[in-house]
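Here's the letter readout for the chains.
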Amino acid sequence: MASKLKSIFKFLAPDSEKGQDGRDVWSSRTAFVLAAMGGAVGLGNLLRYPSVVFANNGVQWFIPYFLALLFLGIPLLLLEISIGQAYRGGSVIAYNSINKHTRGVGFGVITTGYIVSTYYVPILSWVMRYFRSSFQSPLPWTGRGNEFYTQDVIANAAPVPGTTSGGTVTSYTQYPGTGFVGETVGWCAFMWLAVYLCLFKGVGVTGRAVYFTMGLPVVMMFVLIGRSLSLPNAIDGVRLYFAEWHGDKLAGGQIWQAACGQIFFSIGVGFGYFTAYASYNSRYSNAVQDAVIISLCNSMYEILAGFAVFGIVGFLGLRPQDDVQLTTFSVGFLTYPLAIAEMPGANVWAVLFFLTLAFLGLSSAFALTESMVTLLCDSDLSKRFPRIVISTAVIVISFLLSLMYCSSFGFYLLDAMDTWINNLSLLFVAWCEGMVCTTLYRHRDVYKQVGWAAFLVYTGCYLMAMVLGVAVGHSVSPVAGAGVGFGLFIVGAVVSVLVAKTPDSVPPVFWGKSKWLSRFWWVAFYSGNQLTRDLNAVIATGKNWSIPVFWAPVIRYISCPILSIIMSFAYPAFYKLRMDPLHIFAFAVAHVIMVIVVVGLIFPRAFDIFIPPKQRENESMAYAPQVTIMGVSDGSAATEAGEGRDESQDFGSKGLEESK
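How each quantity is defined
Residues numbered from 1 in each chain as written. Predicted model: local features only at pLDDT ≥ 70, side-chain atom pairs only at ≥ 80, totals over all residues. Heavy atoms only, no water. Helix = DSSP H or I, 4+ residues; strand = E, 2+ residues; numbered from the N terminus. Rg over C-alpha atoms; globule rule 2.2 N^0.38 Å. Buried < 20%, exposed > 50% of the residue type's maximum accessible area, 1.4 Å probe, protein only. Contact = heavy atoms within 4.5 Å. Areas by Shrake-Rupley, 256 points an atom, 1.4 Å probe, with all protein chains shown as cover. Lys, Arg positive; Asp, Glu negative; His and termini not counted. Charge placed at Lys NZ, Arg CZ, Asp CG, Glu CD. Polar contact = N/O pair within 3.5 Å; in protein donor to acceptor, adjacent residues only side chain to side chain. Core = buried A, V, L, I, M, F, W, Y, C linked by side-chain atoms within 4.5 Å. Domains from an automatic or database assignment. Salt bridge = Lys/Arg side-chain N within 4 Å of Asp/Glu carboxyl O. Axes fitted to C-alpha atoms, helices over the stretch in contact; angles between N-to-C directions. Parallel < 35°, antiparallel > 145°, perpendicular 65-115°, else oblique. Left-handed = near helix turned anticlockwise from the far one by under 90°. Nonpolar A, V, L, I, M, F, W, Y, C, P; charged D, E, K, R; others polar.

Moving on to the overall build of the chain. Scanning the chain for helices and strands turns up 26 helices and six strands. Radius of gyration (C-alpha) of the chain: 26 Å, near the 26 Å computed for a compact globule of 660 residues. Each principal axis of the C-alpha atoms in the chain carries an extent, and together these give about 85 × 70 × 50 Å. The buried share among the 660 residues of the chain stands at 60%. For the chain, long-range pairs separated by at least 24 residues make up 81% of all intrachain contacts whose partners lie at least 6 apart in sequence. Carbon and sulfur atoms make up 68% of the accessible area of the chain, which totals about 25,600 Å². The average position of the 41 basic charges and that of the 37 acidic charges among the side chains of the chain differ by 4 Å.

This is the structure:
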């Protein structure tokens, strides 16, 4: 009997396979893709997406949506997967290999994802409360949906709003609720135990778990779609979703901002788990193809899941013209449950719906937590403690942190944290990811070719263009902001070209036809171009897809400006909530993460504890302009001269100078 139980446990929780370098690897490519999809596909796909589309209803929605997917989602996802796979480590190790001064970016990414996990699991506690109640007949929220949600599930005392007078806060919001909500605490402990069971032994057990946590929601989604579309008047909701055209909305900024935000939050870049998961890939996996598959499947899931919700919208007769507003929470805990209560066989559909939400949320929860576990397992801490001990400690600490969201004011704290972590620190660290990889990567080559003055002028003006451009856009007008932004960028580009030295390493194609174009290429495109070539030397072997040449320019000149614009909307929004202590706390936490990133730029040694000694000097590469660095995973300066470049190019006497 004992041997049978042991064999069953071994099947459900197998030991992780090992790569040639001794690092754990996924049992199959499918396991990695499903795990990454599990992180991407979560509550935001089934709940947030329909609420955003409802406010921007019509087929015109898909124009900004797919443009955002192409220029924001896929490029940043490809970045996170590629560096994790090539550098064989979590975000801190990966960004240390980009440049030792960007370690803080990697730590900021992980911290952001981890903080989200601590309030994400309490949301799943509410889902489980509904799931338990789904076995009661009649359903306990029948005829009292709002009361059941606010009084029975959330069970938070209503706050006393703060006041302002003449721009000055006269009183701060007060939260009379104290103590914990017992059932929420219990379900929170249960869900953290489930997260633990999905990651405690590494990618071996995670690779097994994702077949259930990702596979079952896909099957149940189609069941829910079929039931939703069979309801009376469901076709009215489908027309609202997919058969109306409101072209005038494309002239406003709201739909574009909503589409960019949805793509960004839905895919889940900036949380660290894609880099962590990719670090357990074979070093020569098809990263580009994986990124495309994950991003497209994520969008396909939420677009199809939209039919399940909009069938309900038609059934309930909801229209945005009637001042009806849907939010993530109202869709999941009010709109859908109220519709289910009116269906024949309501209990069955309630069980299926909330079980789907639970599995979707679970796969995202252990993905968010995995980035922190990987960080600690990659450090020297793993020499003292095995992964199972590290995982246990992380889960216990995470549960204790989650308790504040299980309190009688926890819902309001959760709402505040979700607002400012997503709208500030998440956007900031993702912006930093794109900027450092296309600006600081092998920057030594740049300043030694064109000089420090040209490098600093171009980079400084480009950064100021984004900062001052959005600031003027908010304080004066969008047109003035655009003028300031583009003006600063053009001035910086012209001045940097004028003060630059003429490089002795000739750029490719037409960029090398004149000294002016050559100088501009070095300051504007070199870092991103070399990162593309160096990553392709690893991930584009054999028949694998290559990172396209336009990938880095898209990140630097499209993705990063978009992120800066979206992030800029957070500060005016905070001014309206400055009398709320919970929002002040969450706003401060978001800025602590942002400060950590800046500290890493100035004091990179502060993060040495998270990086094994042999990898702390990964950034110290040989000075070799346009030469592909092949030893990207171990920090060596091995190079392959001539790959992908014109052999007639002359590097000059400085070409292989060591930067000691």
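Moving on from the model shown.
With that settled, the discussion passes to the environment of aspartate 418. Positionally, aspartate 418 belongs in helix α18 (residues 410-439). Owing to a relative accessible area of 31%, aspartate 418 belongs among the partly exposed residues under this scheme. Each C-alpha atom of the pair aspartate 418 and serine 568 lies 17 Å from the other, and the pair is 150 residues apart in sequence. Separated by 2.7 Å, the side chains of aspartate 418 and asparagine 422 make a polar contact.

Quick look at the nonpolar core now. Trp61, Phe264 and Phe274 are the most contacted members of the largest nonpolar core, which totals 194 residues. There are two domains that each give this core at least three residues, and those are domain 1 (29-162 + 170-432 + 562-617) and domain 2 (441-547). If we skip the residues at most four places from it in the chain, phenylalanine 264 touches Leu72, Leu76, Val269, Leu426, Leu427, Ala430 and Leu563. The next biggest cluster of nonpolar side chains, apart from the first, holds 16 residues, and it includes Ala493, Val497, Ala524 and Tyr526.

In this section: unusual backbone geometry. For the peptide bond that leads from serine 137 to proline 138, omega is 0°, which places it in the cis range. Position of proline 138 relative to the elements: it lies in the loop between α6 (103-133) and α7 (145-154). Positive phi, close to 55°, is recorded for arginine 88, a residue that is not glycine. Positionally, arginine 88 belongs in the loop between α4 (62-87) and α5 (91-98). Arginine 88 gets classed as buried once you look at its relative accessible area, which sits at 11%. Even without a glycine there, the phi angle at asparagine 233 is positive, about 65°. Of note, asparagine 233 is situated in the loop between α10 (215-229) and α11 (234-242).

Now for the pattern of salt bridges. Scanning the model with the defined rule gives twelve salt bridges in all. Notably, a salt bridge pairs arginine 103 with aspartate 608, separated by 2.4 Å at the nearest N-O pair. Here aspartate 608 lies in the loop between α26 (581-602) and β5 (628-629) and arginine 103 lies in helix α6, a separation of 505 residues in the sequence. By relative accessible area, which is 3% here, arginine 103 ends up buried. With a relative accessible area of 16%, aspartate 608 lands in the buried category. As a salt-bridge pair, glutamate 183 and arginine 129 come within 3.2 Å of each other at their nearest N and O atoms. With glutamate 183 in helix α8 (residues 182-199) and arginine 129 in helix α6, this pair connects stretches of sequence that are 54 residues apart. Residue glutamate 183 is classed as partly exposed on the basis of its relative accessible area, which comes to 28%.

In this section: the packing of α6 against helix α16 (residues 346-378). As a packed pair, α6 and α16 sit with axes 8 Å apart at the nearest point and diverge in direction by 155°. With respect to α16, the element α6 is oriented roughly antiparallel. For the pair α6 and α16, the crossing hand works out as left-handed. For the contact of α6 with α16, the residue count by class is 22 nonpolar, six polar and no charged.

When you line up the elements, isoleucine 110 lands in helix α6. Exposure remark for isoleucine 110: the relative accessible area of 1% places this residue in the buried category. Excluding its chain neighbours within four sequence positions, the residues that come into contact with isoleucine 110 are Ser91, Val92, Phe271, Ser371, Met372 and Leu375.

On to the side chain of arginine 578, then. Among the structural elements, arginine 578 can be located in the loop between α25 (570-575) and α26. Nearest to the buried, unbridged arginine 578 among oppositely charged side chains is aspartate 580, at 12 Å. Polar contacts involving the side chain of arginine 578 include one to the main-chain carbonyl oxygen of tyrosine 575, which spans 2.5 Å. Excluding its chain neighbours within four sequence positions, the residues that come into contact with arginine 578 are Thr164, Gly167, Thr168, Val169, Tyr172 and Ile584.

Attention now moves to the domain arrangement of the chain. Each domain of the chain was delimited in the assignment, giving domain 1 (29-162 + 170-432 + 562-617) and domain 2 (441-547). Spacing between the C-alpha centres of domain 1 and domain 2 amounts to 34 Å. Taken together, the contacts link 24 residues of domain 1 with 16 residues of domain 2. In this assembly, domain 1 and domain 2 are joined by zero salt bridges. Elements with a contribution of two residues or more to the side of domain 1 that touches domain 2: α4, α5, α14 (287-316) and α24 (551-568). Among the elements that make up the side of domain 1 that touches domain 2, the one with the highest residue count is α4 (seven residues). Across the side of domain 1 that touches domain 2, the residue classes tally to 14 nonpolar, nine polar and one charged.

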